[in-house]
Amino acid sequence: MAAAVGDSRQVRPAPPHYRAGMGISREERPGLAGLFADMAASCARLEAPTYALLSQHVADSVNDPGPLADLLDPYAEAAVGDMLPLRFLGAIHRLALERRAPELALFFASMGGTPPTSERARAHFVRAFEDVVAHQGGQIAAALEWFPQTNEVGRTEGLFTVLRRIQHSFGLPVRLHEIGTSAGLSLRVDELVHRGIVSDAQPTWGDLPSIIERVGVDLELVDINSDNGRLHLTSFIWPDHVQRFERLRGALAVAQQIPADLSSADAVEHVRSLRLQPGTTLVLWHSAMWMYLAPEQRAEIVELLAALGDQATAEAPLVHVALEPIDTVHRHVFRLQVATWPALPDTDLPPGLDVLWGTAPPSGTPVDWAVPCAGAIAHDDAGRLLVVRRGQEPAKGTWSIPGGRVEPGESWAQAAIRELHEETGLHGEITGFAGLIERAAPEGATYVIADYRLRAAGEPRAADDADDAQWVDRQELSSLTTSPGLVEALRGWDALPT
Ligand SMILES: C[S@@+](CC[C@H](N)C(=O)[O-])C[C@H]1O[C@@H](n2cnc3c(N)ncnc32)[C@H](O)[C@@H]1O
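Calculation criteria
Residues numbered from 1 in each chain as written. Predicted model: local features only at pLDDT ≥ 70, side-chain atom pairs only at ≥ 80, totals over all residues. Helix = DSSP H or I, 4+ residues; strand = E, 2+ residues; numbered from the N terminus. Buried ≥ 20, exposed ≤ 12 C-beta atoms within 10 Å, placed from the backbone. Contact = placed C-beta atoms within 7 Å. Domains from an automatic or database assignment. Nonpolar A, V, L, I, M, F, W, Y, C, P; charged D, E, K, R; others polar. Expected span 1.5 Å × (residues − 1). Arc of directions from axis to C-beta. Core = buried A, V, L, I, M, F, W, Y, C linked by C-beta atoms within 7 Å. Pairing = 2+ DSSP bridges. Axes fitted to C-alpha atoms, helices over the stretch in contact; angles between N-to-C directions. Parallel < 35°, antiparallel > 145°, perpendicular 65-115°, else oblique. Left-handed = near helix turned anticlockwise from the far one by under 90°. Near = placed C-beta within 6 Å. pLDDT = per-residue confidence, 0-100.

Details of the overall build of the chain
When you go through the chain residue by residue, the secondary structure sums to 17 helices and 15 strands. Burial analysis of the chain (498 residues in total) assigns 42% to the buried set. For the chain, contacts bridging at least 24 residues in sequence account for 76% of all contacts bridging at least 6.

Below, the structure is given as structure tokens:
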């Protein structure tokens, strides 16, 4: 069994799953100056000017003889995956949090200080830093052994809102399980929202869920009941990010009052042990941990959930909620994705389908909610496809299938039938679900479009968002300028006209 962070153990090597995480370029060894220069750029981009300044100073001076060079020399060959700059900055922050570096704390917003903005203040800050390095090298060297770990409760903003919708649809108490739970703070999502630590993003989405079970597993559990565990989490929040710091402080207080069942275990093992219980909704949740799993582990979790989902009923539903980076390249955009077994009764989507509900920055807040839309793939008895020319953006002037936003109170399939009628005057009958696609919407949002197959007949009359409508066979379709991705999607679903 893995030891929990917060044990008296001092030296802690990087766990192998961290090294494997996130994929690209982790084994590159650009040298200390290169590592810290990259860190400075990331900090500047992520609105952390104090860390940007420190990182740039280290990058510029680490090759000059002196205490800093001596301290970091053992790490000269560190790989990107060793996250040395994060460890180093965390070690410095930790000293300030332990009240061992008051001159530095003057500049750390997390400690009530003011980030240096003038030349004079910057010079004072750098001198204070050098002084700490010169006199507390032993402490820093020891803290450098700690590997970065956070528990970002802002990420529960999306989870809580999803729980509201689940409560509205299934009306059952929730058993909340989390893999990669870190310190288990997110398992207290309801209380985090009640106390205003995390914002209640969509209070009109339904009643509050009742959470009757909170279970979390992690390979490197953080024990927040120990001073060291709490310090460990706080030291890795960047001092400029005061809101994150405040959220963590609030969450630590909540977690000490609301129990959760936490254990050191592997994510796959835990998912294998999951069982449904009649009269409850089982919710499996994870955030910022999927990238640490090997492809085989991810595939196994997906398979295990699908098998469990096959046994799920409206009296014992299963829900999988994930907030994870889009991919290893777009690490700064997270997808809030939800699959339910059975399907939410008011959607008409198939069970177990991963649906994008929104996107968020790495801190999880604010969530940019996806815009649900429906499309009508209508064929007549001759196998022709009904297409409309779009009179509105996006893709104005191109040919597409009838479709548009799902209205409040409407299912996705009902929206497809309504849009078909509004844009062509024809009545259609749903014959099946074709698939989901995502398209960029204005202002960074995303349209999530559920396309349904319908049977329809008659002469179309263009109206509403369409300025022309016609039945086309495959050859006629190929001569039209169609909206981006339409033909590929139809081909993928075997829904092209004959
Ligand atoms: C970046 S942290 C995210 C923690 C938390 N979910 C959050 O969003 O704040 C990733 C966590 O996943 C854990 N982890 C990585 N691989 C794991 C595995 N195979 N099983 C369980 N936990 C794992 C790590 O130990 C770490 O605590």
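Notes on the domain arrangement of the chain
Taken as a whole, the chain is organised into domain 1 (21-143), domain 2 (153-369) and domain 3 (371-492). Taken over C-alpha atoms, the centre of domain 1 sits 32 Å from the centre of domain 2. Facing the 17 residues of domain 1 at the interface are 14 residues of domain 2. Broken down by element, the residue count for the side of domain 1 that touches domain 2 peaks at four residues, all from helix α5 (residues 84-97). Partitioning the side of domain 1 that touches domain 2 into residue classes produces nine nonpolar, six polar and two charged.

Comments concerning helix α15 (residues 412-424)
With 13 residues, α15 should cover 18 Å at 1.5 Å per step; its first-to-last C-alpha distance of 18 Å lies within 8% of that length. The complete set of buried residues in α15 reads Trp412, Ala413, Ala415, Ala416, Ile417, Glu419, Leu420, Glu423 and Thr424. Looking at the buried side of α15, the elements it contacts are β9 (371-379), β10 (385-390), β12 (403-405), β13 (428-440), β14 (446-456) and β15 (466-472). Backbone geometry just after α15 places Gly425 at a positive phi near 75°.

Structural notes on helix α14 (residues 295-311)
Every α-helical turn comprises 3.6 residues, leaving residues that sit three or four positions apart pointing alike. A rise of 1.5 Å per residue sets the reference length of α14, with its 17 residues, at 24 Å; its end C-alpha atoms lie 25 Å apart and thus fit the reference within 8%. For α14, the complete set of buried residues consists of Ile301, Leu305 and Leu308. Each buried residue of α14 sits inside an arc of 65° when the element is viewed along its axis, so together they form one side. Within α14, the exposed residues directed more than 90 degrees away from the buried face are Pro295, Glu296, Ala299, Glu303, Ala307 and Asp310. Against the buried residues of α14 lie α13 (267-273), β4 (281-287) and β5 (318-325).

A look at the nonpolar core
Proteins that are soluble and globular tend to have nonpolar side chains buried together. Leu104, Val283, Ala374, Ala416 and Tyr452 are the most contacted members of the largest nonpolar core, which has 132 residues in total. In terms of residues, this core owes the most to one element, α5, which gives seven residues. Not counting residues up to four positions away in its chain, the partners in contact with Tyr452 are Ala374, Ala376, Ile377, Ala413, Ala416, Ile430, Phe433 and Ala434.

Some remarks on the sheet that holds strand β6 (residues 334-341)
With respect to topology, eight strands assemble into an open sheet ordered β3-β2-β1-β4-β5-β6-β7-β8, the strand pairing being mixed. The open sheet has two edge strands, β3 (261-264) and β8 (368-369), and neither has a second partner. As paired elements, β5 and β6 share eight bridges and run antiparallel to each other. Residue His320 lies in a different strand from β6, and its bridge partner there is Ala339.

Section: the packing of helix α2 (residues 31-45) against helix α3 (residues 49-61)
Here α2 crosses α3 at 160°, and the two axes come no closer than 8 Å. One element, α2, and the other, α3, form an angle in the roughly antiparallel class. The handedness of the crossing between α2 and α3 is left-handed. Residues Ala33, Phe36, Ala37, Met39, Ala40, Cys43 and Ala44 of α2 form the contact with α3, whose own contacting residues are Tyr51, Ala52, Ser55, Gln56, Val58 and Ala59. Residues of the contact of α2 with α3, tallied by class, amount to 11 nonpolar, two polar and no charged.

A few points about the site of the ligand
If you check the shell around the ligand, you find 20 residues, and the closest are Gly180, Ala267, Ser287, Met289 and Tyr292. A per-class count over the shell around the ligand returns eight nonpolar, seven polar and five charged.

Describing the environment of Cys373
Tracing the sequence through the fold places Cys373 in strand β9. Separated by 30 residues in sequence, Cys373 and Gly403 place their C-alpha atoms 7.2 Å apart. Those residues in contact with Cys373, other than ones at most four positions away along the chain, are Gly403, Gly404, Arg405, Val406, Tyr447, Val448 and Ile449.

Observations regarding the environment of Glu157
Along the chain, the position of Glu157 falls in helix α9 (residues 156-170). Given 25 C-beta atoms within 10 Å, Glu157 falls into the buried group. Setting aside its immediate chain neighbours within four residues, Glu157 contacts Val198, Ser199, Ala201, Gly364, Thr365, Pro366 and Val367.

Describing the confidence of the model for the chain
Chain-level statistics for the chain give a pLDDT mean of 91 and a share of 94% at 70 or above. Between residues 1-13, whose pLDDT stays under 50, and residues either more than four places distant or in other chains, the model counts 28 contacts. Below pLDDT 50 for its whole length, residues 19-25 participates in 13 contacts with residues either more than four positions away or in separate chains.

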